[in-house]
Amino acid sequence: MTTALKIAFVGGGNMAAALIAGLAGKLTAGANIHVIDPHAPALEKLQAQFGVSTASSAGDALRAVDVIVLAVKPQSMKEVTAQLLPFIHAEKQPLVLSIAAGIRATDLSRWLGNYPAIVRCMPNTPALIGMGITGLVASSGVTATQKAQADAILQAVGATVWLDDEAQIDPVTAVSGSGPAYVFYFIEAMQQAASELGLTAEQGTQLAIATFTGAAQLAAQSTEAVSLLRERVTSKGGTTYAALTSMEESGVKAAIVKAVKAAAERGREMGDELGK
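1. Brief notes about the overall build of the chain
Then comes step 1: Looking only at helices and strands, the chain has 11 helices and 8 strands in total.
Then comes step 2: For the chain, the C-alpha atoms occupy an extent of roughly 70 × 40 × 35 Å along the three principal directions.
Then comes step 3: The 276 residues of the chain split such that 39% are buried.
Then comes step 4: Summarising the internal contacts of the chain: among those between residues at least 6 apart in sequence, 63% fall at separations of at least 24.
Then comes step 5: Of the accessible surface of the chain, which amounts to about 14800 Å², a share of 58% is contributed by carbon and sulfur atoms.
Then comes step 6: Charged side chains of the chain number 20 positive and 23 negative; the gap between the two group centres comes to 2 Å.

2. Considering the packing of aromatic side chains
To describe a pair of aromatic rings, you give the distance between the ring centres and the angle between the ring planes.
Then comes step 1: Within the structure shown, the criterion is met by 1 aromatic pair.
Then comes step 2: Judged by centre distance (5.7 Å) and plane angle (65 degrees), the ring pair of F186 and F212 falls under edge-to-face. Of this pair, F186 sits in helix 7 (residues 179–196) while F212 sits in helix 8 (residues 201–221), placing them 26 residues apart in sequence.
Then comes step 3: F186 sits in the partly exposed class, given a relative accessible area of 31%.
Then comes step 4: Taking the relative accessible area as the measure of exposure, F212 reaches 25% and is therefore partly exposed.
Then comes step 5: We note K147 situated over the ring of W162; from NZ or CZ to the ring centre the distance is 4.7 Å.

3. Considering the nonpolar core
Then comes step 1: In terms of nonpolar packing, the biggest core is built from 30 residues, with F9, L97 and I153 touching the most fellow members.
Then comes step 2: Sorting the residues of this core by element identifies strand 1 (7–10), helix 1 (14–23), strand 2 (33–36), helix 2 (40–50), strand 4 (67–70), strand 5 (95–98), strand 6 (118–122) and helix 5 (144–155) as the ones contributing at least two each.
Then comes step 3: Take this core: its biggest share by element is 5 residues, from helix 1.
Then comes step 4: Discounting chain neighbours no more than four positions away, the residues touching I153 are I7, L19, L23, L27, V67 and L97.
Then comes step 5: Counting 26 residues, the second-largest nonpolar core is a separate cluster that includes A105, W111, A117 and I118.

4. So, the sheet that holds strand 3 (residues 53–55)
Then comes step 1: Strand order across the open sheet formed by 8 strands is 3-2-1-4-5-6-7-8, with mixed pairing between neighbours. The open sheet has two free edges, formed respectively by strand 3 and strand 8 (158–162), since each of these has just one partner strand. This sheet shows a mean twist of 20 degrees between the axes of neighbouring strands, independent of strand direction.
Then comes step 2: Note: strand 4 against strand 5, 4 bridges, orientation parallel. Bridge assignment links L70 to a residue of strand 5, and that residue is S98.
Then comes step 3: Sitting on the sheet, helix 1 touches strand 1, strand 2 and strand 4, and the angle it makes with strand 1 is about 165 degrees.

5. A few points about a nonpolar patch on the surface
Then comes step 1: On the surface, a cluster of nonpolar side chains totalling about 340 Å² of accessible area is made up of L128, I129 and M131.
Then comes step 2: Relative to the helices and strands, L128 is located in the loop between strand 6 and strand 7 (132–138).

6. Structural notes on the packing of helix 7 against helix 8
Then comes step 1: As a packed pair, helix 7 and helix 8 sit with axes 9 Å apart at the nearest point and diverge in direction by 140 degrees. Looking at the two axes, helix 7 sits oblique to helix 8. Considering the relative orientation of helix 7 and helix 8, their crossing is right-handed. Of the residues in helix 8, those touching helix 7 at V183, F186, I187, M190, Q191 and A194 are G204, T205, A208, I209 and F212.

Quick notes on the rules
- Residues numbered from 1 in each chain as written.
- Predicted model: local features only at pLDDT ≥ 70, side-chain atom pairs only at ≥ 80, totals over all residues.
- Heavy atoms only, no water.
- Helix = DSSP H or I, 4+ residues; strand = E, 2+ residues; numbered from the N terminus.
- Buried < 20%, exposed > 50% of the residue type's maximum accessible area, 1.4 Å probe, protein only.
- Contact = heavy atoms within 4.5 Å.
- Areas by Shrake-Rupley, 256 points an atom, 1.4 Å probe, with all protein chains shown as cover.
- Lys, Arg positive; Asp, Glu negative; His and termini not counted.
- Charge placed at Lys NZ, Arg CZ, Asp CG, Glu CD.
- Phe/Tyr/Trp six-rings, centres within 6.5 Å; stacked < 30°, edge-to-face > 60°.
- Lys NZ or Arg CZ within 6 Å of the ring centre and 35° of its normal.
- Core = buried A, V, L, I, M, F, W, Y, C linked by side-chain atoms within 4.5 Å.
- Pairing = 2+ DSSP bridges.
- Axes fitted to C-alpha atoms, helices over the stretch in contact; angles between N-to-C directions.
- Patch = residues over 30% accessible without salt bridge, like charges linked within 9 Å, V, L, I, M, F, W, Y side chains within 5 Å.
- Salt bridge = Lys/Arg side-chain N within 4 Å of Asp/Glu carboxyl O.
- Parallel < 35°, antiparallel > 145°, perpendicular 65-115°, else oblique.
- Left-handed = near helix turned anticlockwise from the far one by under 90°.

Here it is in structure tokens:
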């Protein structure tokens, strides 16, 4: 990988900004990054921060890039690909990297005139602080060099997991793509419990967030199974045992599993709906 890699972002929202922050001056120079977005304030901010070039719509600058990152809402993707079509069927075929939920590579390829070089990926919001994780899957037309480029771009904001089958993207979306919201939801519940037990809002927030951060780091650094780590802090008849017994009686684990499966199913439904 060299600092001469030329990347275009279609969409300049939060995830694009996180990726650009991880890339500019590291994987490639800011001047080699081009951002397309109709929202002028977003472009101005990115240009000021990272020295990227910008445009309000697709144009000839796309003909010179190595990678095009599609960072727009899934509902807008079909319209956006129609705008890109005139600029990407040159002799040099850039990698098209999509971070949109629900949009299948086969549909992207069809909208782009049977375009072969597509990597579909699902990052998550901790990418905003460089601690994301992304699942990726490459179409058969992606070269080894392009796959390495995709991996390097997403590793700029966290870890990467390559998948063999695009159908696995929906479970990845359900577990890690949507997963931060589940964690925030649990933190909110702990904050509420802390308040109802007499702690201040500030104390509850500090305790809940630090507990999640520390437990997650312990799980990440330990060579032991998470279930064993849980058992080690669950003395029979103790406070943790009382809490976990209550959760089991309320069906909390089953409800979480059901919820993640619902997210995966919604991902499949989105693929059917948006790919029409």
